[in-house]
Amino acid sequence: MPPLSGPEVAKHDNKESCWVVIHGKVYDVTEFLPEHPGGMKIILKYAGKDATAEFEPIHPPDTLDKYLDKSKHLGPVDMNTVATVEEVEDPDETARQQRIKDKPLLSQCYNLMDFESVAKNVMKKTAWGYYSSAADDEITMRENHEAFHRIWFRPKILVDVKTVDFSTTMLGTKVNMPFYVTATALGKLGHPEGEVVLTRAAHKHNVVQMIPTLASCSFDEIVDARQGDQVQWLQLYVNADRAITERIVRHAEARGCKGLFITVDAPQLGRREKDMRSKFVGQGSNVQSGQDTDTSQGAARAISSFIDPSLSWADIPWFRSITKMPIVLKGVQRVEDVVKAVECGIQGVVLSNHGGRQLDFAPSAVEVLAETMPVLRSMGLENKIEVFVDGGVRRATDILKALCLGAKGVGIGRPFLYAMSAYGFDGVDRSMQLLRDELEMGMRLIGCTSIDQLNPSLIDTRNLGSHITGVPVDNLGHKVYDALATPAWKPP
Ligand SMILES: Cc1cc2c(cc1C)[n+](S(=O)(=O)[O-])c1c(=O)[nH]c(=O)nc-1n2C[C@H](O)[C@H](O)[C@H](O)COP(=O)(O)O
């Protein structure tokens with residue numbers, strides 16, 4: 001059968017008959033329109049045209065094979081005859097391209113915040129809006145980082161610190177540094193290759209990568225990018241259709257994942273206004289024409305309608321029945337739930353508030369950690385469960401403070417996304433090298449030569465719980481902090 005022609009495809013450009021072109025193939029998405037989590041508008045914008053550029057960053061390549069009935073796969077099209085959506089000349093985009101050309105040299109990035117600063121300038125609005133956004137007033141996102149500033153060290157002196165070793169183990173895996181690449185969705189919003197860039201950097205530095213359910217790359221692409229005995233964990237959003245969840249978990253175990261991290265702080269994805277705004281701005285033409293644009297759908301809300309809000313402790317035995325992987329609950333926010341996790345036979349928890357992207361005014365992970373570890377020790381449970389933290393970690397001193405409090409390891413999210421978005425693999429590689437250098441310096445200066453020497457006596461947490469205490473001015477953080485991304489309207 002000869003390929004379809006562009007004019008033929010262009011006839012199907014409405015709600016009654018909607019065909020799109022993706023990677024040179026035609027798909028009839030008419031019946032799917034009302035089910036699209038991102039709403040109908042964004043598909044109809046590309047009806048009868050080539051939608052590849054819009055589709056690619058948000059959807060893993062196997063999405064259509066997995067979720068669109070084969071009868072709707074209409075076959076190849078002659079791409080020379082296909083209309084594209086003429087993007088109106090966007091002066092902002094022209095200016096962004098110039099900022100990319102003018103960005104600092106990679107060697108001029110000296111810390112994780114430097115990458116955030118560059119990323120803010122070079123990323124597309126939608127990508128920056130999605131990565132940098134957090135819930136409501138973003139108080140918890142800022143508190144995550146500021147809480148570390150309320151912890152001070154009590155360093156030891158005259159310790160032979162000639163040789164320092166900051167390797168450790170996490171869920172039985174030996175890693176070179178006590179942090180891992182945590183799960184963050186939609187990697188291709190920041191870099192055309194997406195999460196496999198993080199896979200390569202994690203391999204080079206022998207740290208673990210947590211594969212997100214909502215990755216832009218397919219799960220198998222990310223696993224196939226693994227090298228040697230590199231270890232990966234799976235982050236799971238539980239689907240209301242448990243058969244789909246079971247299939248995902250069993251496949252991850254079969255592909256060699258060494259941990260199942262069930263995200264428990266997101267029965268519904270949080271309300272992230274920068275994400276919503278930038279999605280709104282992303283449909284700028286609607287704004288200019290005064291058309292009503294669906295602003296209820298940031299990227300987050302649009303891609304997460306499958307998540308099951310009914311997930312509960314009652315589901316834990318079922319999870320234990322379908323996998324032998326260690327199970328970790330990601331997004332635990334109070335010590336009572338850590339104790340309950342131990343009672344349920346769970347191997348680990350990540351104390352986390354999702355980078356502030358869920359419940360605003362949730363406590364910082366490090367504050368929950370300071371509350372949790374003494375209780376576990378008093379109950380003789382500290383060795384029954386591995387406790388990880390994530391959120392706001394931007395310095396090796398943040399990592400060392402968490403380990404002194406008793407954390408097994410630390411997850412890092414946005415910094416690696418920003419490094420990837422600004423400089424690709426080289427950016428993530430340098431960010432991990434910078435953390436390595438800071439870890440070595442930090443261990444030496446607090447007088448420790450190995451991770452097992454880190455303990456609560458090396459820190460002063462008396463102010464940790466006082467949220468109104470004056471904290472050192474976080475100049476770097478304030479400089480890059482972006483309260484509004486780009487407002488959907490120009491203030492008068
Ligand atoms: C920055 C970011 C975080 C996301 C994230 C996406 C981005 C862009 N996404 S989200 O779209 O649903 O919100 C996920 C996710 O897929 N699953 C998850 O468990 N955590 C998700 N998180 C939370 C992440 O795993 C860490 O908890 C958080 O990033 C730690 O804070 P920092 O960014 O300050 O390191």
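Asks: Give me the lowdown on the side chain of threonine 199, citing residues and values where you can.
Replies: You can see threonine 199 is positioned in helix H9 (residues 196-205). What makes threonine 199 buried here is its relative accessible area of 0%. There is a polar contact of 2.8 Å between the side chain of threonine 199 and the side chain of glutamine 209. Once you skip the residues sitting within four places of it in the chain, threonine 199 turns out to touch Gln209, Ile222, Ala225, Arg226, Gln230 and Gln232.

Asks: Break down the site of the ligand for me, citing the residues and quoting the values.
Replies: Inspection of the region around the ligand gives 24 residues, with Tyr130, Ala183, Tyr237, Thr263 and Arg394 positioned closest. In this structure, an oxygen atom belonging to the ligand sits 3.1 Å away from a side-chain N or O atom of threonine 182. The contact in question runs from an oxygen atom of the ligand to an N or O atom on the side chain of arginine 394, over 2.8 Å. Protein chains shield 100% of the accessible area of the ligand, which is 650 Å² for the free molecule. Elements that contribute at least two residues to the shell around the ligand include exactly helix H7 (125-132) and helix H19 (414-446). Its residues placed into classes, the shell around the ligand shows eight nonpolar, 10 polar and six charged.

Asks: Account for unusual backbone geometry, with residues named and values stated.
Replies: Of note, glutamate 138 is a non-glycine position whose phi angle comes to about 60°, a positive value. Considering the arrangement of structural elements, one finds glutamate 138 in the loop between H7 and helix H8 (139-148). Residue classification places glutamate 138 among the buried positions, given a relative accessible area of 3%. Even without a glycine there, the phi angle at histidine 354 is positive, about 70°. Along the chain, the position of histidine 354 falls in the loop between strand S12 (348-351) and helix H17 (365-378). Classification of histidine 354 as buried rests on a relative accessible area of 11%.

Asks: Give a description of the sheet that holds strand S1 (residues 19-22) that names residues and reports values.
Replies: Here we have three strands laid out as an open sheet, ordered S1-S2-S3, and antiparallel in their pairing. Of all strands in the sheet, those with a lone pairing partner are S1 and strand S3 (73-76), marking the two edges. Direction aside, the axes of adjacent strands within the sheet are offset by 25° on average.

Asks: Help me get a handle on the pattern of salt bridges, residues and values and all.
Replies: For the structure shown, the criterion picks out 20 salt bridges. Of the charged contacts, one joins lysine 72 and glutamate 31 as a salt bridge, the two residues approaching to 3.0 Å between their closest N and O atoms. Taken together, the residues span a long stretch of sequence, with lysine 72 in the loop between helix H4 (63-67) and S3 and glutamate 31 in the loop between strand S2 (25-28) and helix H2 (41-44) at a distance of 41 residues. Residue class for lysine 72 comes out buried when judged on its relative accessible area of 18%. Note that arginine 200 and glutamate 193 form a salt bridge whose closest N and O atoms lie 2.9 Å from each other. Overall, arginine 200 belongs to the partly exposed group, its relative accessible area being 28%.

Asks: Give me the environment of phenylalanine 55: which residues, what numbers.
Replies: Note that phenylalanine 55 resides in helix H3 (residues 52-55). The exposure class assigned to phenylalanine 55 is buried, which follows from its relative accessible area of 11%. As a C-alpha pair, phenylalanine 55 and cysteine 109 span 54 residues in sequence and 32 Å in three-dimensional space. Dropping the residues within four chain positions of it, phenylalanine 55 is found in contact with Ile22, Pro60, Thr63 and Leu64.

Asks: Give a description of the nonpolar core that names residues and reports values.
Replies: Among the nonpolar cores identified, the biggest contains 106 residues, and Phe179, Leu351 and Leu454 are the most heavily contacted of them. The greatest single-element share of this core, amounting to 14 residues, is contributed by H19. Dropping the residues within four chain positions of it, leucine 454 is found in contact with Leu400, Leu403, Cys404, Met443, Ile446 and Cys448. One finds Val20, Val29, Tyr46 and Ala51 within the second-largest nonpolar core, a separate group that totals 14 residues.

Asks: Got a sec to walk through helix H18 (residues 396-405)? Specific residues and values, please.
Replies: Counting buried positions over the 10 residues of H18 gives nine, a clear majority of the element. Here H18 has its buried residues at Ala396, Asp398, Ile399, Leu400, Lys401, Ala402, Leu403, Cys404 and Leu405.

Asks: Outline H17, supporting the account with residue identities and numerical values.
Replies: Between its terminal C-alpha atoms H17 stretches 20 Å, which fits the 20 Å expected from 14 residues at 1.5 Å a residue. Of the residues trailing H17, glycine 380 is marked for its positive phi of about 70°.

Asks: Go over the packing of aromatic side chains with me, naming the residues and quoting the values.
Replies: For the structure shown, the criterion picks out 11 aromatic pairs. A ring pair is formed by tyrosine 180 and phenylalanine 261, whose centres lie 6.5 Å apart and whose planes are at 50°; its orientation type is tilted. One end of the pair, tyrosine 180, is in strand S7 (residues 179-181); the other, phenylalanine 261, is in strand S10 (residues 260-263), and 81 residues separate them in sequence. We note that tyrosine 180, like phenylalanine 261, is buried. Feature note: the residues Tyr180, Trp233, Phe261 and Phe388 constitute an aromatic cluster, connected by ring pairs. Here arginine 357 stacks its cationic end above the ring of tyrosine 130, 4.9 Å away from the centre of that ring. In this structure, arginine 430 packs its charged tip against the face of tyrosine 110, placed 5.9 Å from the ring centre.

Asks: I'd like a rundown of the packing of helix H16 (residues 335-343) against H17, residues and numbers included.
Replies: Viewed as axis vectors pointing N to C, H16 and H17 meet at an angle of 45°, and their least axial separation amounts to 9 Å. The pairing of H16 with H17 is recorded here as oblique in orientation. Between H16 and H17 the crossing geometry is right-handed. Residues Val335, Val338 and Val339 of H16 touch H17, and the partners they reach there are Glu371, Thr372, Val375 and Leu376.

Asks: A description of the environment of lysine 384 should follow, citing residues and the corresponding values.
Replies: Looking at where lysine 384 falls in the secondary structure, it is placed in the loop between H17 and strand S13 (386-390). Taking C-alpha positions, lysine 384 is 35 Å from valine 471, a pair spaced 87 residues apart along the chain. If sequence neighbours within four positions are ignored, lysine 384 has contacts with Val342 and Ile346.

Rules used in this analysis
- Residues numbered from 1 in each chain as written.
- Predicted model: local features only at pLDDT ≥ 70, side-chain atom pairs only at ≥ 80, totals over all residues.
- Heavy atoms only, no water.
- Helix = DSSP H or I, 4+ residues; strand = E, 2+ residues; numbered from the N terminus.
- Buried < 20%, exposed > 50% of the residue type's maximum accessible area, 1.4 Å probe, protein only.
- Polar contact = N/O pair within 3.5 Å; in protein donor to acceptor, adjacent residues only side chain to side chain.
- Contact = heavy atoms within 4.5 Å.
- Near = heavy atom within 4 Å.
- Areas by Shrake-Rupley, 256 points an atom, 1.4 Å probe, with all protein chains shown as cover.
- Nonpolar A, V, L, I, M, F, W, Y, C, P; charged D, E, K, R; others polar.
- Pairing = 2+ DSSP bridges.
- Axes fitted to C-alpha atoms, helices over the stretch in contact; angles between N-to-C directions.
- Salt bridge = Lys/Arg side-chain N within 4 Å of Asp/Glu carboxyl O.
- Core = buried A, V, L, I, M, F, W, Y, C linked by side-chain atoms within 4.5 Å.
- Expected span 1.5 Å × (residues − 1).
- Phe/Tyr/Trp six-rings, centres within 6.5 Å; stacked < 30°, edge-to-face > 60°.
- Lys NZ or Arg CZ within 6 Å of the ring centre and 35° of its normal.
- Parallel < 35°, antiparallel > 145°, perpendicular 65-115°, else oblique.
- Left-handed = near helix turned anticlockwise from the far one by under 90°.

These results come straight from atomic positions and should not be treated as a statement about function.
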